[in-house]
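Observations on chain architecture
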Amino acid sequence: MDTDLPGNHRCGYVAIGGIPNAGKSTLLNALVGMKLSIITPRPQSTRRNVLGIVTEESYQAVLMDTPGLLDPAYRLQSAMRAQALSAIRGCDVLLLMLDARKHDEQALDDQLDTALDAIDEQRPVVLAINKVDLVPKEELLPIMEYCAGKWGFNALIPISALRSDGLETLMQEIVALLPVGPPHYPDDVITEHPERFFVAELVREVVFHRFSKEIPYATATQVEEFRRGGKKTYIRVIIYVERQSQKPILLGKGGKSIRQIGQTARVSIEKFLGEEVYLDLQVKVREEWRHRDTHLRDLDLL
Ligand SMILES: Nc1nc2c(ncn2[C@@H]2O[C@H](COP(=O)(O)OP(=O)(O)OP(=O)(O)O)[C@@H](O)[C@H]2O)c(=O)[nH]1
Ligand SMILES: [Mg+2]
């Protein structure tokens, strides 16, 4: 063990689990202090686990944002669920997140059971009751009391991930539950996914914001070329859709829509990479990619 470390240094894996749209990715980004996970108003934005590391003098929390838990209706959704469950089952502390707006008893039961069914009674669980900025104060206590009666949570913390309210208390509770031990990662490492992953995600984020109904869910993105050396970094991203009929929707009249997607995505990609980028977007069809293992594997979703 590193002799410079305090004797009670803590380190461990923290899975952020819960139903789709609870605010898990918003929380990961807020805790890490960097936009690692895409955030959209639509459920099922996150499709695979995203790692974010918080390193302080006395602890290192290796956080894992996970896809929202739901009953899978097709292959991609079952792969998403498997990803989330593997993080939830393998973590040192589960940070279970609730959407406080869904607080009738049935909705709370549903939210709690999705994750708690997957873990053993011994594992520490911290319950983060999120979006409290949208809920009248007097409704919070009954929610907390109901949840406390359902499971022996190690802590119940009301938070607003969006406003970064309650996050210090949340982190303190989590750190106290981490095992004592040296850090897993060097202190300057924040994540371990390749740049290509984040770039593809930032393009997908724009599609999720811009389109409704089926299009976001029928879309996948992949970096096909990433070249440095010129005046700007050249990045070609393919936007896959499932059917020929979806292609013109993404392109828009005279290519207007794809140009706007490109402009918005380029700004966030440049911010993420800290360099100027030439972003080249292409739309291609991959029949039924959501349902086929070969495609899901190629897209790093399986
Ligand atoms: N008002 C409010 N909105 C929030 C808060 N946290 C997240 N949101 C919003 O809730 C929506 C979903 O947030 P995400 O962070 O993408 O949720 P998620 O749990 O990662 O969703 P999936 O990846 O689909 O499972 C976004 O529009 C966020 O801006 C919060 O504390 N307050
Ligand atoms: Mg998410």
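Reading the values: rules and limits
- In every chain, residue numbers begin from 1 and rise along the written sequence.
- Chains carry letters and ligands carry numbers; both start at the beginning, A for chains and 1 for ligands, and go up in the order they are written.
- Thresholds applied to this predicted model are a pLDDT of at least 70 for local features of residues and 80 or more for the giving and counting of side-chain atom pairs; totals over whole chains, interfaces and linings are not thresholded and use all residues.
- A residue counts as near a molecule or strand when its C-beta atom, positioned from the backbone, falls within 6 Å of it.
- For helices the rule is a DSSP run of H or I covering at least 4 residues; for strands it is a run of E covering at least 2, with both sets numbered from the N terminus onward.
- Three residue categories are used. Nonpolar comprises Ala, Val, Leu, Ile, Met, Phe, Trp, Tyr, Cys and Pro, charged comprises Asp, Glu, Lys and Arg, and polar comprises the others, including Gly.
- A strand pair is defined by DSSP finding two or more bridges across the two strands.
- Where each domain begins and ends follows an automated or database-derived domain assignment.
- Throughout, a pair of residues is in contact if the C-beta atoms placed from their backbones lie within 7 Å.
- Where helices are involved, their axes are fitted lines through C-alpha atoms of the stretch in contact, as for all axes, and angles between N-to-C directions lie from 0 to 180°.
- Rotating anticlockwise by less than a right angle from the far helix to the near helix defines a left-handed crossing, while the corresponding clockwise rotation defines a right-handed one.
- Remark: C-beta atoms are placed from the backbone, and a residue is labelled buried if 20 or more other C-beta atoms sit within 10 Å of its own, exposed if 12 or fewer do, or partly exposed between those counts.
- Residues of type Ala, Val, Leu, Ile, Met, Phe, Trp, Tyr and Cys that are buried and joined through C-beta atoms within 7 Å form what is called a nonpolar core.

1. A short note on the site of ligand 1
- Residues in contact with ligand 1 amount to 23 residues; listed here are only the nearest, Gly23, Ser25, Thr46, Gly68 and Leu162.
- Sort the elements by how many residues they give to the shell around ligand 1 and helix H1 (residues 24–32) lands first, with 3 residues.
- Considered class by class, the residues forming the shell around ligand 1 number 9 nonpolar, 11 polar and 3 charged.

2. Re the pairing of strand S2 (residues 50–55)
- Pairing geometry for S2 and strand S3 (residues 59–65), over 6 bridges, is antiparallel. The residue of S3 that forms the bridge with Gly52 is Leu63.
- In textbook terms, the turn of a hairpin is the stretch between consecutive antiparallel strands, and for S2 and S3 this stretch comprises 3 residues.

3. Quick look at the domain arrangement of the protein chain
- The domain architecture assigned to the protein chain consists of domain 1 (10–177) and domain 2 (195–298).
- In this structure, domain 1 and domain 2 have C-alpha centres spaced 28 Å apart.
- Contact residues are listed per partner, giving 10 residues for domain 1 and 14 residues for domain 2.
- Counted by class, the side of domain 1 that touches domain 2 contains 4 nonpolar, 3 polar and 3 charged residues.

4. A short note on the sheet that holds strand S8 (residues 233–241)
- Read across the open sheet, the 3 strands follow the order S7-S8-S9; overall the sheet is mixed. With one partner strand each, in any of the chains shown, strand S7 (220–227) and strand S9 (277–285) form the two edges of the open sheet. Each adjacent strand pair in this sheet contributes to an overall mean axis angle of 20°, direction not counted.
- By the bridge criterion, 9 bridges tie S8 to S9 in an arrangement that is parallel.

5. Let's talk about the environment of Val199
- By secondary structure assignment, the location of Val199 is in helix H6 (residues 195–210).
- When the C-alpha atoms of Val199 and Leu116 are compared, they prove to be 33 Å apart, with 83 residues separating the residues in sequence.
- When sequence neighbours within four positions are dropped, the list of residues in contact with Val199 reads Val223, Ile235, Val237 and Ile269.

6. With respect to the packing of H6 against helix H8 (residues 256–273)
- Viewed as axis vectors pointing N to C, H6 and H8 meet at an angle of 145°, and their least axial separation amounts to 9 Å. Judged by the sense of rotation from one axis to the other, the crossing of H6 with H8 is right-handed. Every residue of H8 that contacts H6 at Glu195, Phe198, Val199, Leu202, Val203, Val206, Val207 and Arg210 is listed here: Ile261, Thr264, Ala265, Ser268, Ile269, Phe272 and Leu273.

7. Here's the deal with the sheet that holds strand S4 (residues 93–99)
- Reading across the sheet, the 6 strands line up as S2-S3-S1-S4-S5-S6 and stay open at both edges, with mixed pairing between neighbours. Bordering the open sheet on either side are S2 and strand S6 (155–158), each of which pairs with just one other strand. Neighbour-to-neighbour, the strand axes of this sheet turn through a mean angle of 20°, independent of strand direction.
- Bridging between strand S1 (residues 10–18) and S4 involves 5 bridges; their strand directions are parallel. When the bridges of S4 are listed, Ile16 appears paired with Leu95.
- In this fold helix H3 (residues 105–116) packs onto S1 and S4, with an angle of close to 160° to the strand it touches most, S4.
- Across the sheet, helix H4 (residues 140–150) touches strand S5 (125–130) and S6, and the angle it forms with S6 is around 155°.

8. Brief notes about the pairing of S7
- One ladder, built from 7 bridges, connects S7 with S8; its direction is antiparallel. Bridging across to S8, Val223 finds its partner in Val237.
- Taking the residues between adjacent antiparallel strands as the criterion, S7 and S8 are bridged by 5 residues, where Gly229 takes a positive phi near 125°.

9. A closer look at unusual backbone geometry
- Although it is not a glycine, Gln44 sits at a positive phi angle of roughly 65°.
- Topologically, Gln44 is positioned in the loop between H1 and S2.
- The exposure class assigned to Gln44 is partly exposed, which follows from the 17 C-beta atoms found within 10 Å.
- Its identity is not glycine, yet Lys131 carries a phi of approximately 65°, on the positive side.
- Looking at the element boundaries, Lys131 is found in the loop between S5 and H4.
- According to the C-beta neighbour criterion, Lys131 is buried, with 22 such atoms within 10 Å.

10. Some thoughts on the environment of Leu63
- Relative to the elements of secondary structure, Leu63 occurs in strand S3.
- Under the C-beta neighbour-count criterion, Leu63 is labelled buried, with 26 such atoms within 10 Å.

11. Topic: the nonpolar core
- Membership of the largest hydrophobic core comes to 78 residues, with the highest contact counts inside it found for Val14, Leu63, Leu95 and Val203.
- For this core, the element with the highest residue contribution is H6, accounting for 8 residues.
- When we break this core down by domain, the ones giving at least three residues each are domain 1 (10–177) and domain 2 (195–298).
- Those residues within four positions of Leu95 in sequence are excluded, and the remaining contacts are Val14, Ala15, Ile16, Val126, Ala128 and Ile174.

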